Each structure stands twice: as structure tokens, then as C-alpha cells.
Amino acid sequence: MKTLRILGWTMIWAGGVILAFLAYQLVGTNLITSRAQDAAAVEVADRFDAVREQLAAEGDFPPAVTVDETTTTTTTEAGSNAPTLPVLYEEPIPAEGEAFGIISIPAIELEHVMMEGVDRETLKDGPGHMPWTPLPGQPGNAVISGHRTTYGAPFYDLDSLEPGDEIIVETALGEHVYAVRESLIVLPTDVWVTNPKRGSWITLTTCHPRFSARERLVIQAE
């Protein structure tokens, strides 16, 4: 009888530990990320101001313009008219772990501050940018990874996206709007999805299926 009582209490305690762990994973981690996102929102606003001031001081930031809708030309502050031409401005590289942008996906009501880096600790704070890929808004293939469950689960509904859905990224240079082109399920070893691409692309990656790391769900947008 004593052995059975010990076994019974052991199972009860084990069950309690498991339930506490699940509660932490499903609720506790979300609270951690929520607090981190609040702090990151302040940090990213400060970065926007600092970068814009820096670029303006260096003469590398676009002047205010007004568009003449009747002539499809652009009037600068100096008053001269000229055709509107695309101009590339280089985004300063953020430090590892720094908040540098905001990602919004209206179709799934997502809005999160993005961090620089994809290590375990950084991804607890929000979606992370792979440092060896271009920043969003720059030419090439910017890759952003994020949790699908736990730690705020920013990419929980990524599988609901359809071709044409917009992904909007705001950085210090302004808003960059992408349209979803393709949704893929790949293996964790299929790192070719992070390869450079011609044009300007963003690739979102997360675990698949939910509550598993067996595969990767990949969204590519242009």
C-alpha cells in the first residue's frame, strides 16, 4: 500500500509539473514577449528618428516632395519640375538584438516590432531578421523568422495568407509594401529559400505544423 501511495503521489506531482510547464509555454511566454514588444516599440521609434536625422545631416535622405497630379511630375522644395525616378537609399545596419522595424499583415491582423537576429533569445522578443540577408526595402531577399506558437506566436496564422495579400514593413526609410507570391512547406535543411533574389523580396519563415519543428512554412512576397 505504501508503494502504491508513493507511486500515486509521484504521478500527481509529475502531472502538476507538466501542467505548469504547459501553462508557462502557452501563457507565460506570451506575457514575456508582450513586455518585450512594448519596450521594442519605444526603441524602434527612437531608431527611426535617429536614422532619419543622420541621413538628413549627410544629405542622403529624400527631400519633401509634392506631386502635381495634372502633369505627373514632381515639384521639389527648390521648385523645379522633374520626372519621378526611383531612388535607392541604404538602410543603416542595426545592431544584433536591436529593434529596427515594424511588420504588418492586414489579412491576419498581425503587427509586431522586428528585431535584428534570429538566435533563440532574440526571437523571444519578436520576429527576427536574418543578419546575412538584406534588410527589408533593400534589393534582394530579406528573410524574417518568427515563432508560430509560444512567445507571442507572431506567425501563428501565416498559413492563411494567399497570393496578393500585402505585407507592410516600416523602417527608418519609410514603408515597404510587398505582395505575397508563394507559400511553401519545406524541410529545415532547405536553406535555399534564403538565397538572394533579383528585385526586392521578403521571405517569412516559421515552424510547421503548429507545435512542431518538423518542417518550415515559408511565405515569399515581392
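Residues numbered from 1 in each chain as written. Predicted model: local features only at pLDDT ≥ 70, side-chain atom pairs only at ≥ 80, totals over all residues. Heavy atoms only, no water.

Colleague: Tell me about the overall build of the protein chain, and name the residues and values.
Modeller: In terms of helices and strands, the protein chain carries two helices and eleven strands. Overall, the protein chain shows an N-to-C arrangement of helices and strands of α-β-β-β-β-β-α-β-β-β-β-β-β. Expressed as a percentage of its 222 residues, the buried residues of the protein chain come to 38%. Put simply, of all contacts in the protein chain between residues at least 6 apart along the chain, 56% involve residues at least 24 apart. For the protein chain, the exposed area adds up to about 12900 Å²; of that, 59% sits on carbon and sulfur atoms. (Helix = DSSP H or I, 4+ residues; strand = E, 2+ residues; numbered from the N terminus. Buried < 20%, exposed > 50% of the residue type's maximum accessible area, 1.4 Å probe, protein only. Contact = heavy atoms within 4.5 Å. Areas by Shrake-Rupley, 256 points an atom, 1.4 Å probe, with all protein chains shown as cover.)

Colleague: Mind laying out the nonpolar core, listing which residues take part and the relevant values?
Modeller: Core analysis: the largest hydrophobic core is formed by 20 residues, its most contacted members being Ile 103, Ile 105, Leu 158, Ile 167, Ile 202 and Leu 204. Broken down by secondary-structure element, the contributors of at least two residues to this core are β4 (99-105), β5 (110-116), β8 (166-171), β9 (174-186), β10 (200-208) and β11 (215-221). Each residue touching Leu 204, except ones within four places of it in the same chain, is listed here: Ile 103, Ile 105, Ile 144, Phe 155, Leu 158, Ile 167, Leu 217, Val 218 and Ile 219. With ten residues, the next largest nonpolar core counts Ala 40, Leu 55, Ala 99 and Ala 172 among its residues. (Core = buried A, V, L, I, M, F, W, Y, C linked by side-chain atoms within 4.5 Å.)

Colleague: Please set out a negative patch on the surface residue by residue, giving values where relevant.
Modeller: On the surface, Glu 43, Asp 46, Asp 49 and Glu 53 cluster together to form a negatively charged patch. Along the chain, the position of Glu 53 falls in helix α1 (residues 2-57). In this structure Glu 53 comes out as exposed when scored by relative accessible area, which is 57%. (Patch = residues over 30% accessible without salt bridge, like charges linked within 9 Å, V, L, I, M, F, W, Y side chains within 5 Å. Salt bridge = Lys/Arg side-chain N within 4 Å of Asp/Glu carboxyl O. Lys, Arg positive; Asp, Glu negative; His and termini not counted. Charge placed at Lys NZ, Arg CZ, Asp CG, Glu CD.)

Colleague: An account of the confidence of the model for the protein chain is requested, with residue identities and associated values reported.
Modeller: Caution is warranted with low-pLDDT regions, since their predicted coordinates should not be read in detail. Residues of the protein chain with pLDDT of at least 70 account for 76%, and the chain-wide mean is 85. Here residues 64-78 scores under 50 on pLDDT; set against residues more than four positions off or in separate chains, the count is 17 contacts. (pLDDT = per-residue confidence, 0-100.)

Colleague: Summarise the sheet that holds β9; cite the residues concerned and give the values.
Modeller: In space, the eight strands of this closed barrel follow the order β4-β5-β6-β7-β10-β11-β9-β8, with mixed pairing throughout. In this sheet, β5 lies alongside β4 in antiparallel orientation, the contact comprising six bridges. Across the sheet, Ile 105 pairs through a bridge with Leu 110, a residue of β5. (Pairing = 2+ DSSP bridges.)

Colleague: So what's going on with the pattern of salt bridges? Which residues, and what values?
Modeller: Side-chain pairs of opposite charge can arise where the charged atoms are in close proximity. Here the structure, examined in full by the defined rule, presents eight salt bridges. Notably, a salt bridge pairs Arg 148 with Asp 159, separated by 3.0 Å at the nearest N-O pair. Note that Arg 148 is positioned in the loop between β7 (140-145) and β8 and Asp 159 in the loop between β7 and β8, a separation of eleven residues in sequence. One connected set of salt bridges, linked through shared partners, spans Arg 148, Asp 157, Asp 159 and Arg 210.

Colleague: A description of the environment of Gly 146 should follow, citing residues and the corresponding values.
Modeller: In this fold, Gly 146 is placed in the loop between β7 and β8. In contact with Gly 146, not counting residues within four places along its chain, are Pro 127, Pro 154, Phe 155, Thr 205 and Thr 206.

Colleague: With reference to specific residues and values, describe the side chain of Ser 145.
Modeller: Topologically, Ser 145 is positioned in strand β7. Assessed through its relative accessible area of 10%, Ser 145 is described here as buried. Engagement of the side chain of Ser 145 in a polar contact is seen with the side chain of Thr 205, the distance being 2.6 Å. Once residues within four sequence positions are removed from consideration, Ser 145 is found in contact with Val 118, Leu 123, Pro 127, Gly 128, Met 130, Phe 155 and Thr 205. (Polar contact = N/O pair within 3.5 Å; in protein donor to acceptor, adjacent residues only side chain to side chain.)

Colleague: Please provide a residue-by-residue account of the environment of Tyr 151, values included.
Modeller: Looking at the element boundaries, Tyr 151 is found in the loop between β7 and β8. Its relative accessible area of 10% is what places Tyr 151 among the buried residues. Sequence separation of Tyr 151 and Lys 124 is 27 residues, and the distance between their C-alpha atoms is 5.5 Å.

Colleague: Tell me about the packing of aromatic side chains, and please be specific about residues and values.
Modeller: Note on aromatic pairs: each is described by the distance of the centres and the angle between the planes. By the definition in use, this model includes zero aromatic pairs. Over the face of the ring belonging to Trp 201 we find Lys 197, whose NZ or CZ atom lies 4.3 Å from the ring centre. Above the ring of Tyr 156, the side-chain terminus of Arg 210 is found at 4.1 Å from the ring centroid. (Phe/Tyr/Trp six-rings, centres within 6.5 Å; stacked < 30°, edge-to-face > 60°. Lys NZ or Arg CZ within 6 Å of the ring centre and 35° of its normal.)

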